[in-house]
Amino acid sequence: MEDCPPGGCISELATQMAIILAGKQFIFTFSQFVIPIIISNKTNCLKKFKPNLKKKEIVKKVKTPWERDYLLADTRDVFAEYLEMVIQYGFVTIFVAAFPLAPLLALVNNLLEMRLDSFKFVAQLRRPIGFKSKDIGIWSSILSCVGKIAVVCNAYIIAFSSDFLPMMLFTLDNREKNAKRKDMLSGYVNFSLAVASPEMTGLDEPCRYWAYRDTQGNYNLFFWKLTTVRLLFVIIFEHVVLGVVKLIDIFIPDITESVQLRIDIDDLIAKDILDANDEVQEPTKKKAGIGTATEAKGSAGPSSPLINPASSNKHPRTSKSNFLDPADIV
């Protein structure tokens, strides 16, 4: 692999991003739109190209909607759609510092794909089977992880691939020298070019190259100060951005107030319906319990030797049949 030029690899990275988002993305979207059309119309296309096909009078039959749907292409899983969006989100967020035009290209592509997908699902694919889902599942965690990686990558791109921090550090170190001058970066280009001695290059004249080194080729003090500043910038940038994202997540709810109010109303209505259903079923259960007890008593009839029919509704100890009649004694 070739080394990056002295100015860095930002230009090459921007070119690759332009090819991916402006070229490959539109080609992939177009292929997703054309393939279902070819699959759904393959029967008619084959009939047109069959050799020696005798022309016959064909009576066109009016097909029902479900017959027309059956001839369409089968509905595919939405895994490919989610994967495409996650990959695009990763390219746009991770390398946005190198190619700031990436969000605009992604927006144009998504607007076009939204209309093409709507036409594809309505007119070119069979009706999918719907099912309930609480959220997008594992894709939410993947997007959150990609967002955190993007913050770190952009921090390193800004810190190590741009001249922002070297210029700022040079201005602070030479503010006393350049205080009387209007240009605070006076002498920066000459300072950023190191001198290679003739002994190192084998040439008669010294050679200048972009680096923070001394005449012996060792890193100078400014390089180590700049490396420390870059690492501090990465840490501060990461914490600030992630903190802002956390605050936005706290203060902006995932569910709007109107939607949450509607959910609470639906839960309250469902609870009232369940309570009313329980109140209706309680008397029925009581009646069913009384009927069961009566049937149990009725099952023990005259054939039972333990219960006297004449005293079935009385206590056995106070029943008249268990005591002698005084008239019988006399």
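Above: the structure in question.
Below or above, wherever it landed, is the structure these notes cover. (Residues numbered from 1 in each chain as written. Predicted model: local features only at pLDDT ≥ 70, side-chain atom pairs only at ≥ 80, totals over all residues. Heavy atoms only, no water.)

1. A closer look at the overall build of the chain
Consideration 1: Helix and strand content of the chain: 12 helices and 2 strands.
Consideration 2: What you see in the chain, going N to C, is helices and strands ordered as α-α-α-α-α-α-α-α-β-α-β-α-α-α.
Consideration 3: Taking all contacts inside the chain whose residues are at least 6 apart in sequence as the whole, residues at least 24 apart take part in 64%.
Consideration 4: Surface exposure of the chain reaches about 26,000 Å², of which carbon and sulfur atoms provide 65%. (Helix = DSSP H or I, 4+ residues; strand = E, 2+ residues; numbered from the N terminus. Contact = heavy atoms within 4.5 Å. Areas by Shrake-Rupley, 256 points an atom, 1.4 Å probe, with all protein chains shown as cover.)

2. Digging into the pattern of salt bridges
Consideration 1: One pass over the structure, following the stated rule, counts 4 salt bridges.
Consideration 2: Here Asp-117 and Lys-120 are joined by a salt bridge, their closest N and O atoms 3.5 Å apart. Taken together, the residues span about one helical turn, with Asp-117 and Lys-120 both in helix α5 (residues 102–124) at a distance of 3 residues.
Consideration 3: A salt bridge links Arg-262 to Asp-266; the nearest nitrogen and oxygen atoms lie 3.5 Å apart. One end of the pair, Arg-262, and the other, Asp-266, are both in helix α11 (residues 257–299), 4 residues apart, so they sit about a helical turn from each other.
Consideration 4: Linked through salt bridges whose partners overlap, the residues forming this network are Glu-81, Asp-117 and Lys-120. (Salt bridge = Lys/Arg side-chain N within 4 Å of Asp/Glu carboxyl O.)

3. So, the packing of helix α7 (residues 164–173) against helix α10 (residues 221–251)
Consideration 1: Look at α7 against α10: their axes get within 10 Å of each other, and the N-to-C directions meet at 120°. Judged by the inter-axis angle, α7 sits oblique to α10. In this structure, the crossing between α7 and α10 has a hand that is right-handed. Across the interface between the two elements, Phe-164, Leu-165, Pro-166, Met-168, Leu-169, Phe-170 and Asp-173 of α7 pack against Phe-222, Lys-225, Leu-226, Val-229, Arg-230 and Phe-233 of α10. (Axes fitted to C-alpha atoms, helices over the stretch in contact; angles between N-to-C directions. Parallel < 35°, antiparallel > 145°, perpendicular 65-115°, else oblique. Left-handed = near helix turned anticlockwise from the far one by under 90°.)

4. A closer look at the packing of helix α4 (residues 79–94) against helix α6 (residues 138–160)
The geometry of a pair of packed helices is captured by two quantities: the angle between their axes and the separation between those axes.
Consideration 1: Remark: α4 packs on α6, axes separated minimally by 8 Å, with the N-to-C direction vectors making an angle of 20°. Looking at the two axes, α4 sits roughly parallel to α6. As for the relative orientation of α4 and α6, their crossing is right-handed in sense. Facing α4, whose interface residues are Phe-79, Tyr-82, Leu-83, Val-86, Tyr-89, Gly-90, Thr-93 and Ile-94, α6 presents Trp-139, Ile-142, Leu-143, Val-146, Gly-147, Ile-149, Ala-150, Cys-153, Asn-154 and Ile-157.

5. Observations regarding a negative patch on the surface
Consideration 1: Together, Asp-272, Asp-275, Asp-278, Glu-279 and Glu-282 make up a negatively charged patch on the protein surface.
Consideration 2: With respect to the helices and strands, Asp-278 occurs in helix α11. (Patch = residues over 30% accessible without salt bridge, like charges linked within 9 Å, V, L, I, M, F, W, Y side chains within 5 Å. Lys, Arg positive; Asp, Glu negative; His and termini not counted. Charge placed at Lys NZ, Arg CZ, Asp CG, Glu CD.)

So, to be careful, I would describe these as geometric facts and stop short of saying anything about function.
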